[in-house]
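An overview of the molecular structure
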Amino acid sequence: MSEKKLTGEVYFPPKDVVKYANARCEKLYESASEDIEAFWASEAKNLFWHKKWSQVLDDSNKPFYKWFVGAKTNIAYNCLDVHCQTPRRNKLALIWEGEKGEFHSFSYFALHRETCKFANILKSLGVKKGDRVTLYMGRIPELVIGMLACARIGAIHSVVYGGFSVEALHERLEDSQSKVLIVADGAWQRGKIIELKNIADEALQRAATVESVLVVKRTGHQINMESGRDMWYHELMNLPIANNSDCLEVVDAEDPLFMLYTSGTTGKPKAILHTHGGYMVGTYTTLKYVFDIHEEDRYWCAADPGWITGHSYIVYGPLLNGATSFLYEGAPTYPYPHRWWQMIEKYGINILYTAPTAIRGLMRFGDAWPNRYDLSSLRLLGSVGEPINPEAWRWYYKVIGKEQCPIMDTWWQTETGMFMITPMPCTPLKPGSGTKPFPGIVADVVDEAGNSVKPNEEGYLVIKTPWPSMLRTIWNDPDRYVNQYWSKYPGMYMTGDSARKDEDGYFWIIGRVDDVIKVSGYRLGTAEIESALVSHPAVAEAAAIGLPHEVKGNAIYSYVILRSGYEKTDKLLEELRLHVGHEVGPIAKPEQVEVVDQLPKTRSGKIMRRVLKARALGQDPGNLSTLEE
Ligand code: WT7
């Protein structure tokens, strides 16, 4: 690839990295393009299957694809037991640092032991294969243990990000019909306690299916424990039943592993469903090649386990690869902006994977903070969540990576489960581009009619062939699955992003084409924010849009029409902001709430957000022929 002259600003991978990684990534594109199924099957053979598949891909009922049909396995078994049968059992699987500086580590042996104990507890509470368990915690090891314990017994985990609040949690408990909730008493964030258990108590008042609540003690502050329903995790883990014999449930490759809620075009968040077999093959393979994980690596994905990035690349991917995964509880700049760099030095982190918003946030404090630390252990860097602006890319590359670490700008989604468009360590890089589709992935940029557009023209980003870790459906809503992703162009997966491809075939993501806003890399739906606003008695109608923001990428601006009898005061506007925070979560709080008399709507009554956006940015709103008023 490097022989061809590439256009634009290009960075070639440092020699050392190529030497290290080349054997693993050079020939992959070629072999995968020859036969996609054979490529995935050969990767799958590196994992443990209790029974082998009879068919790699079953596409007889599109778009309900099946992978590794007939196979039996368990992803948690592959994450833990497999390593415990080798000398790797004494190697660290997980290193954790708390915001207050506490430290805890788990060898593969220890993580396996804790997972089995917790799996036995869940079983003794009546959790069976296929039951849903919701987890609502900060970044603590018990979240990882909880996810793996569910997977081990074939229960479906549903992790709700600890930054979400009452209504968001309630909706997710209700929709998933969870039997058990695992919650922490609280979470540390910038020296303050987020009252997770209190929020959960409020959400539980209306969640009828939850029978048991297991509470992890993290902050130790006073909380309410409802007798008969709430139990302490640490007490349960000391019961003799925790040491019952092995509780492994060997499952079908296509059995569900987890559901994860994400925002879409309508107000109701949708649960994306992933399975044991295909997801395991996808996350294992992509992490191995893209971050070139080796036995001795210490790898840090600074996302939250509550999002897909954490599921795939803090928990499952690194453990499947037998690496050491690092987890940090707190904020990057707490108590000072040196915190991350200090931990990279302290633990000798080799690979750092984070989001553009975090990079921009840290960059603001200047070079002196990172320069004070020895970051020479770093070999590779990663970025995810939104397009990275070239300025942040260069800072990351020069100041953090010392021009020695290639940056893997990985484009993917909750739905895709794994990296889809991404460099590998041998790929020449262009700041701001995710470069090329991963081997075995066929991506394209198309026009309204589904035809490929010319180089550098903007269009819809689509994926043209199935891949193992693709979502299987939307929980309880197969029609929405078909309509949302597969109906615009039959046979092509619609990503919801717009993009362009340059003359070298490099992909450049532009942004969402639907009503999804990425705030600090978090995905939020305009409809969720709007429905939170109208749930306040003062609001008759509401609209939310995303506008560019220097650190967050996008920030939320909202417009409301007040009900008669309410007056526009600063107090009311602040109350509305806080109300959204209470209903959805602090990340969804609008920067600004503006009172208007009217909202631009189409004749069918749909809010024309692009008109609001153009107005806010002082731009031409374009074609207004469908505007009612
Ligand atoms: C959306 C998916 C997948 C992990 C985190 C987000 C945007 C994601 C990139 C990137 C440009 C990106 C897209 C995508 N996105 N990674 N490297 N460059 N945009 O998962 O919450 O499901 O969001 O995030 O718009 O559709 P998610």
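In what follows, the structure referred to is the one given above.
Here's a quick rundown of the structure. The numbering scheme is per chain: residues are counted from 1 as the chain's sequence reads. Since the coordinates come from a predicted model, pLDDT governs what is reported: local features require at least 70, and pairs of side-chain atoms require 80 or more to be given and counted, while whole-chain, interface and lining totals use all residues. Think of the side-chain values as coming from all heavy atoms in the structure, minus any hydrogens and water.

1. Brief notes about the overall build of the protein
Strands are runs of DSSP state E lasting at least two residues, helices are runs of H or I lasting at least four, and both sets are numbered from the N terminus onward. The helix and strand tally for the protein stands at 19 helices and 30 strands. We compute the radius of gyration from the C-alpha atoms alone; for a globule the expected value is 2.2 Å times N to the 0.38, where N is the number of residues. Relative to the globule expectation of 25 Å for 629 residues, the C-alpha radius of gyration of the protein, 24 Å, shows essentially globular dimensions. Three labels apply to residues, based on accessible area from a 1.4 Å probe with only protein chains included: buried if under 20% of the type maximum, exposed if over 50%, partly exposed otherwise in between. Residue burial in the protein is summarised as follows: out of 629 residues, 62% are buried. Considering the protein, the positive charge centre built from 71 side chains and the negative charge centre built from 77 side chains are found 3 Å apart. For the purpose of charge, His is not counted, nor are the chain termini; Lys and Arg are scored as positive and Asp and Glu as negative. To locate a charge, the coordinates of NZ of Lys, CZ of Arg, CG of Asp or CD of Glu are taken.

2. Observations regarding the site of the ligand
In the region of the ligand, 17 residues are neighbours, and D409, T410, T414, K518 and R523 sit closest. One of the side-chain N or O atoms of D409 is found 2.7 Å from a nitrogen atom in the ligand. Between N or O atoms, a polar contact is any pair within 3.5 Å; within protein, one atom must be a potential hydrogen donor and the other a potential acceptor, and residues adjacent in sequence are included only when both atoms are from side chains. Within the side chain of Q413, an N or O atom sits 2.9 Å from an oxygen atom of the ligand. Surface accessibility in these figures is a Shrake-Rupley result with a 1.4 Å probe; residues are shielded only by whichever protein chains are displayed. If the ligand stood free it would expose 560 Å²; the protein chains cover 96% of that surface. Secondary-structure elements contributing two or more residues to the shell around the ligand are α11 (308-320) and β25 (507-512). Throughout this entry, Asp, Glu, Lys and Arg are counted as charged residues, while Ala, Val, Leu, Ile, Met, Phe, Trp, Tyr, Cys and Pro are counted as nonpolar. The remaining residues, Gly among them, count as polar. Split into classes, the residues belonging to the shell around the ligand amount to six nonpolar, five polar and six charged. Nearness is defined per residue: one heavy atom within 4 Å of the molecule or strand is enough.

3. A short note on the packing of helix α13 (residues 356-363) against helix α15 (residues 390-400)
Where α13 contacts α15, the two axes come as close as 10 Å, and the packing angle between them is 70 degrees. Between α13 and α15, the interaxial angle falls into the category roughly perpendicular. Residue-level inspection shows I359, R360, L362 and M363 of α13 in contact with α15, the latter providing E391, A392, W395 and Y396. Classifying every residue of the contact of α13 with α15 gives six nonpolar, no polar and two charged. Every axis corresponds to a line fitted to the C-alpha atoms, with the helix fit spanning only the stretch in contact, and the corresponding angles, defined between N-to-C directions, vary from 0 to 180 degrees. Our angle categories are set so that under 35 degrees counts as roughly parallel, over 145 as roughly antiparallel, 65 to 115 as roughly perpendicular, and the remainder as oblique. Only heavy atoms enter the contact rule, under which two residues are in contact if any of them lie within 4.5 Å.

4. Let's talk about the pairing of strand β14 (residues 256-262)
When you tally the buried positions in β14, you get six out of seven residues, the bulk of the element. Two strands pair when backbone bridges link them, and strand β7 (residues 156-159) and β14 are joined in this way by two bridges, in the parallel orientation. Looking across to β14, one finds that H157 is bridged to F258. For two strands to count as paired, DSSP must find a minimum of two bridges between them. Relative to strand β15 (residues 270-275), β14 runs antiparallel, the two being bridged by six bridges. Among the inter-strand pairings, P256 is bridged to a residue of β15, identified as T275.

5. Some thoughts on the side chain of T473
Checked against the element boundaries, T473 lands in strand β23 (residues 473-474). The contact partners of T473, leaving out residues within four places of it in the chain, are F64, A271, I272, L273, P478 and Y481.

6. A short note on the packing of aromatic side chains
Put simply, two rings from Phe, Tyr or Trp (the six-membered ring, in Trp's case) pair if the centres are within 6.5 Å, and we call them stacked under 30 degrees between planes, edge-to-face over 60, tilted for the rest. Scanning the model with the defined rule gives 40 aromatic pairs in all. With a centroid separation of 5.3 Å and an interplanar angle of 45 degrees, the aromatic rings of F48 and Y77 are classed as tilted. With F48 in the loop between α3 (36-44) and β1 (55-58) and Y77 in helix α4 (residues 75-84), this residue pair connects regions lying 29 residues apart in the sequence. Judged by its relative accessible area of 36%, F48 falls in the partly exposed class. Through a chain of ring-to-ring contacts, the aromatic side chains of F64, Y65, W467, Y481, Y485, W486 and Y493 assemble into a single cluster. Positioned above the aromatic ring of W232 is the side chain of K217, whose terminal nitrogen or guanidinium carbon lies 4.8 Å from the ring centre. The criterion for a charge sitting over a ring is simple: Lys NZ or Arg CZ within 6 Å of the ring centre, and within 35 degrees of the ring normal. Sitting over the ring of W369, R372 keeps its end group 4.7 Å from the ring centre.

7. Brief notes about a negative patch on the surface
A patch is a set of surface residues, each over 30% in relative accessible area and not in a salt bridge, joined within 9 Å for like charges and within 5 Å for the nonpolar side chains Val, Leu, Ile, Met, Phe, Trp and Tyr. Put simply, a salt bridge is a Lys or Arg side-chain nitrogen that is within 4 Å of an Asp or Glu carboxyl oxygen. Together, E30, E34, D35, E37 and D59 line one region of the surface with negative charge. Relative to the elements of secondary structure, E37 occurs in helix α3.

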